[in-house]
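# Coordinates in review
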Amino acid sequence: MKIKVLTTFSFNKLAKQMPKKINDYLSGYAKDTVKGTRNNIDRGIGIDGERLKLGKKSYRAGEKALFNTGEMYNSLKSGKGTLTIKEYGYGHHKGKFPTVDGTNVRNFIGTTEENKQKIDKKFIQDVSKALKK
C-alpha cells in the first residue's frame, strides 16, 4: 500500500524568501517609527500615553518638551531596517539624564498602534504568499 501526500505550500520557498521579508518588515517598521516618534513629540504624548512635559523649574518651562533646536527631531531617519536618532535623544527616551521635578521626556520613540497593525498585517500576508507553491 502506497500513500501519496501532496501539499499546497513549500517551506523551502518560504525559507529562501524569509530574509527579504524580514528586511522589508524592519524597514517598514523603522520608517513608521520615525513618523510615530515625530507625531509623539508634536502631540506631546509618549508611547505609554503619558504627557511629555518640562517641569516648572526647568530653564525651558512652558516650552514644548523634546524640541529645543529641532536637531534631535530632524535627526530621526530610517534606512535599511534601522532607525537613527541623535544619541542624546535615545538617552532621553531611556531616562539616562537627570531631570527636574515634573519633567517627563521618556518613552517617546515608537510607532503608532495603527501603523504597527498595518505593517504586521502586511508581513503576515507576505509570509503566507511566500509559503504557497
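Check the entry above for the structure.
Below or above, wherever it landed, is the structure these notes cover. (Residues numbered from 1 in each chain as written. Predicted model: local features only at pLDDT ≥ 70, side-chain atom pairs only at ≥ 80, totals over all residues. Heavy atoms only, no water.)

With that settled, consider the overall build of the chain. Broken down by element type, the chain carries four helices and two strands. Relative to the 2.2 N^0.38 estimate, which gives 14 Å for 133 residues, the radius of gyration of the chain is 21 Å and therefore markedly larger than a compact globule would have. Overall, the chain is about 85 × 25 × 20 Å in size when its C-alpha atoms are taken along their principal axes. Within the chain, buried positions represent 30% of all 133 residues. Contacts spanning at least 24 positions in sequence make up 67% of the contacts within the chain whose residues lie at least 6 apart. (Helix = DSSP H or I, 4+ residues; strand = E, 2+ residues; numbered from the N terminus. Rg over C-alpha atoms; globule rule 2.2 N^0.38 Å. Buried < 20%, exposed > 50% of the residue type's maximum accessible area, 1.4 Å probe, protein only. Contact = heavy atoms within 4.5 Å.)

Quick look at unusual backbone geometry now. One non-glycine residue, Leu-66, lies in the positive phi region at around 65 degrees. With respect to the helices and strands, the residue Leu-66 is situated in the loop between helix 1 (11-43) and helix 2 (71-75). Although it is not a glycine, Asn-107 adopts a positive phi angle of roughly 55 degrees. Mapped onto the elements, Asn-107 comes out in the loop between helix 3 (87-94) and helix 4 (113-131).

A few words on the packing of aromatic side chains. Taken as a whole and judged by the stated rule, the model has three aromatic pairs. Summarising the aromatic geometry, the rings of Tyr-25 and Phe-123 are spaced 5.0 Å apart at their centres and angled 55 degrees between planes, so their arrangement reads as tilted. With Tyr-25 in helix 1 and Phe-123 in helix 4, this residue pair connects regions lying 98 residues apart in the sequence. The class of Tyr-25 is partly exposed, set by a relative accessible area of 21%. Arranged with centres 5.1 Å apart and planes meeting at 75 degrees, the rings of Phe-67 and Tyr-73 form a pair that is edge-to-face. For Phe-67, a relative accessible area of 31% gives the class partly exposed. Tyr-73 gets classed as buried once you look at its relative accessible area, which sits at 15%. Three or more aromatic residues joined by ring pairs make a cluster, and in this case those are Tyr-25, Tyr-29 and Phe-123. Note that Arg-38 overlies the ring of Tyr-73, its terminal NZ or CZ placed 5.4 Å from the centroid. Sitting above the plane of the Phe-67 ring, Lys-64 keeps its charged end 5.5 Å from the centroid. (Phe/Tyr/Trp six-rings, centres within 6.5 Å; stacked < 30°, edge-to-face > 60°. Lys NZ or Arg CZ within 6 Å of the ring centre and 35° of its normal.)

Assignment of secondary structure puts Lys-53 in the loop between helix 1 and helix 2. For Lys-53, the contacting residues outside a window of four places in its chain are Ala-65, Gly-102, Thr-103, Asn-104 and Val-105.

Another point: the pattern of salt bridges. With the rule as written, the count across this model stands at seven salt bridges. Where Lys-118 meets Asp-32, a salt bridge forms, and the shortest distance between an N and an O atom there is 3.9 Å. Of this pair, Lys-118 sits in helix 4 while Asp-32 sits in helix 1, and the two are 86 residues apart along the sequence. For the salt bridge of Lys-122 with Asp-126, the shortest nitrogen-to-oxygen distance reads 2.9 Å. Note that Lys-122 and Asp-126 are positioned in helix 4 at a spacing of four residues, about one turn of the helix. The class for Lys-122 is partly exposed, based on a relative accessible area of 46%. Classification of Asp-126 by relative accessible area gives buried; the value is 17%. (Salt bridge = Lys/Arg side-chain N within 4 Å of Asp/Glu carboxyl O.)

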